[in-house]
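# Remarks on the overall topology
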Amino acid sequence: MGTEHSKNEGRSSMFFLRKGPKLPAWEDALLSGKEPKSLLKRGLRYVSLSLIMKGMTSAPDFLWGLPEVQKLNLSRNQLVVIPPSLGKLDRLVVLNLGGNCLKCLPKEIGLLRNLKVLFVNMNCLTEVPAELSLCRKLEVLSLSHNCISQLPLSFTDLTSLRKLNLSNNRFVQIPLCIFALRSLDFLHLGSNRLENIAESVQYLVNLQIFIVENNNIRTLPRSLCFITALELLNVDYNAIQTLPDDLYLLRRLPRIAWNPMDKGLHIAHNPLSRPLPEVIEGGLDVLFNYLREKKEHN
């Protein structure tokens, strides 16, 4: 009987030892009684943590005690805010916050000096903190499907940025800071409220993919024709009536393209003045020859 009593006492003490500080019910369910570190996956390149589609309305507190995490996926939840504690995860290389309900980002995001890839698409952002420009290693940034109408001038410091997606926002003009990002090879500004493309676009000399479909653009600047690295130019669904004569300089455009994923010139659904619609039906070579001859006769 004494032995049985001591067994029960041992079980009871073990129960209290394991219990520790009480977690919110949903965090407890997330961990399932395990240590937070056990959620980390140690791959060949990164220590990663994925909490995708967990129904979270706030980030779990245990997260900020995992400074070794390098790749963090919090996408497709219902997060309303990311706390300043994010700055503690200063080894992060990849951060995915897409598909949440975020209205702002904490200024402490600027402490993530190793960050190379950031997804904050499909949220409710109206602005971007200037401190993000402190993430000088950033190479890929997606802010698509938000409510942003301008960017901080300090974005000119993001000199390593190669891919920038600003589609489905509220930009009326291309932010000036973008023209300083000389490493950009991909720029998506589709489904905004753009009315023109500034001549300064010519400074994006490494741009290979430029998408401005579904805007209110009436003309293409002549300087666009000097970005000879362009392989995909999508100006579908705009208000373009004429094309610059020097467009034939974009020799890396392989064809008139119709499939959204294809490289080439996408020019459909524009009120082009005649004879451009008929010329385009003949293909890109026919169009380029027409524009070249037109220039020579002017």
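Refer to the preceding data block for the structure.
Overview of the structure.

Scoring rules and cut-offs
Residues numbered from 1 in each chain as written. Predicted model: local features only at pLDDT ≥ 70, side-chain atom pairs only at ≥ 80, totals over all residues. Heavy atoms only, no water. Patch = residues over 30% accessible without salt bridge, like charges linked within 9 Å, V, L, I, M, F, W, Y side chains within 5 Å. Areas by Shrake-Rupley, 256 points an atom, 1.4 Å probe, with all protein chains shown as cover. Salt bridge = Lys/Arg side-chain N within 4 Å of Asp/Glu carboxyl O. Lys, Arg positive; Asp, Glu negative; His and termini not counted. Charge placed at Lys NZ, Arg CZ, Asp CG, Glu CD. Helix = DSSP H or I, 4+ residues; strand = E, 2+ residues; numbered from the N terminus. Buried < 20%, exposed > 50% of the residue type's maximum accessible area, 1.4 Å probe, protein only. Contact = heavy atoms within 4.5 Å. Polar contact = N/O pair within 3.5 Å; in protein donor to acceptor, adjacent residues only side chain to side chain. Expected span 1.5 Å × (residues − 1). Arc of directions from axis to C-beta.

## A look at a positive patch on the surface
Taken together, the side chains of Arg45, Lys71, Lys116 and Lys137 make up a positively charged region of the molecular surface. Relative to the elements of secondary structure, lysine 71 occurs in strand β3 (residues 71–73). With relative accessibility at 37%, the residue lysine 71 sits in the partly exposed group.

## So, unusual backbone geometry
Look at the link from arginine 274 to proline 275: it is a cis peptide, with omega at 10 degrees. Within the secondary structure, proline 275 is located in the loop between β11 (264–266) and α3 (276–281). Of note, histidine 145 is a non-glycine position whose phi angle comes to about 55 degrees, a positive value. One non-glycine residue, asparagine 214, lies in positive phi territory at about 60 degrees. Within the fold, asparagine 214 resides in the loop between β9 (209–211) and β10 (232–234).

## Some thoughts on the pattern of salt bridges
According to the stated counting rule, one finds 10 salt bridges in the structure shown. Where arginine 162 meets aspartate 185, a salt bridge forms, and the shortest distance between an N and an O atom there is 3.6 Å. Of this pair, arginine 162 sits in the loop between β6 (140–142) and β7 (163–165) while aspartate 185 sits in the loop between β7 and β8 (186–188); the two residues are 23 residues apart in sequence, bridging distant segments of the chain. For arginine 162, a relative accessible area of 30% translates into the label partly exposed. For the salt bridge of arginine 222 with aspartate 246, the shortest nitrogen-to-oxygen distance reads 2.5 Å. Taken together, the residues arginine 222 in the loop between β9 and β10 and aspartate 246 in the loop between β10 and β11 connect sequence positions 24 residues apart.

## Points about the side chain of serine 133
As for its position among the elements, serine 133 is in the loop between β5 (117–119) and β6. Those residues in contact with serine 133, other than ones at most four positions away along the chain, are Ser154, Phe155, Asp157 and Leu158.

## Let's talk about the side chain of asparagine 100
Assignment of secondary structure puts asparagine 100 in the loop between β4 (94–96) and β5. The buried category is assigned to asparagine 100, whose relative accessible area is 6%. Among the polar contacts made by the side chain of asparagine 100, one reaches the main-chain amide nitrogen of leucine 79 at a distance of 3.0 Å. A distance of 3.3 Å separates a polar side-chain atom of asparagine 100 from the backbone oxygen of glycine 98. Ignoring sequence-local partners within four residues, the contact set of asparagine 100 consists of Leu74, Ser75, Arg76, Asn77, Gln78, Leu79, Met122 and Asn123.

## Some remarks on helix α4 (residues 284–297)
The first and last C-alpha atoms of α4 sit 20 Å apart over 14 residues, in line with the 20 Å expected at 1.5 Å per residue. Among the residues making up α4, those that are buried are Leu284, Leu287, Phe288 and Leu291. Burial along α4 is one-sided: seen end-on, the buried residues are contained in an arc of 95 degrees. With respect to the buried face of α4, the exposed residues turned more than 90 degrees away are Asp285, Glu296 and His297. The secondary structure elements touched by the buried residues of α4 are β11 and α3.

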